[in-house]
Amino acid sequence: EDDFVLIHQMLRPMRDVEVARAASVDDALVRSRGNPYDLFLCDYRLGDKTGLELLDELKDRDIAAPVIFLTGQGDEEVAVQAMKAGATDYLLKSKLTEQSLGRALAYAVALRKKEQAIETARQELRRSEREYRALFRSINDAIVIFEPNTEIVLEVNPKACEIYGFAREELIGMSLKQLTEDVARGERQI
């Protein structure tokens, strides 16, 4: 309770900050279900469970909000375990100031925003790749992709197989020279 009051007082000067307290791991999990928190400040001792258990539960539930551990004197081993488990940062309670807390919060939120931007970009890339592959398979022109230096065929679309008279497995790994020679000899058609 004392830690919460102290943290709450330190956070008052910061704009747009709302603070909620959970007295236990289970309480934190219940609160996080319907309310997407931007950040968790977590002590090691949380009722009958630990902050490390909370961190594991948050991961299991795909709650990606950053977690900053608050540790007491001599709890550096706990802080190391927390960082290995995925915590964003840890702060020693004995050295906690408004400035150190503010920096840690700003860093954690900025890091989370970057992670979200990266995930959004990955999703967009996957969507774009699906669209490209669908177009590649369905286009009515032969497409042969080869490695520029060796001119070895890397990929072909179904229309290329149909036009050249090769199975995909025959074309992959074939040299562009061999393909054109086979076609020129009339062994395969264009």
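See the structure printed just above.
I will try to describe carefully the structure that is included in this document. Quick caveat: nothing in here was measured; it's all calculated off a predicted structure.

Quick look at the packing of aromatic side chains
We describe a pair of aromatic rings using the distance from one ring centre to the other and the angle between the two ring planes. Counted according to the given criterion, the structure contains two aromatic pairs. For the ring pair tyrosine 37 and phenylalanine 40, a centre distance of 5.7 Å and an interplane angle of 55 degrees mean the geometry is tilted. With relative accessibility at 10%, the residue phenylalanine 40 sits in the buried group.

Quick word on the side chain of threonine 50
As for its position among the elements, threonine 50 is in strand β3 (residues 49-50). According to the relative accessible area criterion, threonine 50 is buried, its value standing at 18%. Residues in contact with threonine 50, not counting those within four places in the same chain, are Val25 and Tyr44.

Structural notes on the pairing of strand β7 (residues 153-156)
Bridge analysis of strand β6 (residues 144-146) against β7 gives three bridges, and the strand direction is antiparallel. Looking across to β7, one finds that phenylalanine 146 is bridged to valine 153. Hairpin connection of β6 to β7: six residues between the antiparallel strands, including glutamate 151 at a positive phi of 55 degrees.

Describing the pairing of strand β4 (residues 67-71)
In terms of residue burial, β4 counts as a mostly covered element, since five of its five residues are buried. Residues Val67, Phe69 and Thr71 point to one face of β4 and Ile68 and Leu70 to the other, with burial holding for every one of them. Alignment of β4 against strand β5 (residues 89-92), held across four bridges, turns out to be parallel. Considered in β5, the bridge of leucine 70 is made with leucine 91.

Conventions used here
- Residues numbered from 1 in each chain as written.
- Predicted model: local features only at pLDDT ≥ 70, side-chain atom pairs only at ≥ 80, totals over all residues.
- Heavy atoms only, no water.
- Phe/Tyr/Trp six-rings, centres within 6.5 Å; stacked < 30°, edge-to-face > 60°.
- Buried < 20%, exposed > 50% of the residue type's maximum accessible area, 1.4 Å probe, protein only.
- Helix = DSSP H or I, 4+ residues; strand = E, 2+ residues; numbered from the N terminus.
- Contact = heavy atoms within 4.5 Å.
- Pairing = 2+ DSSP bridges.

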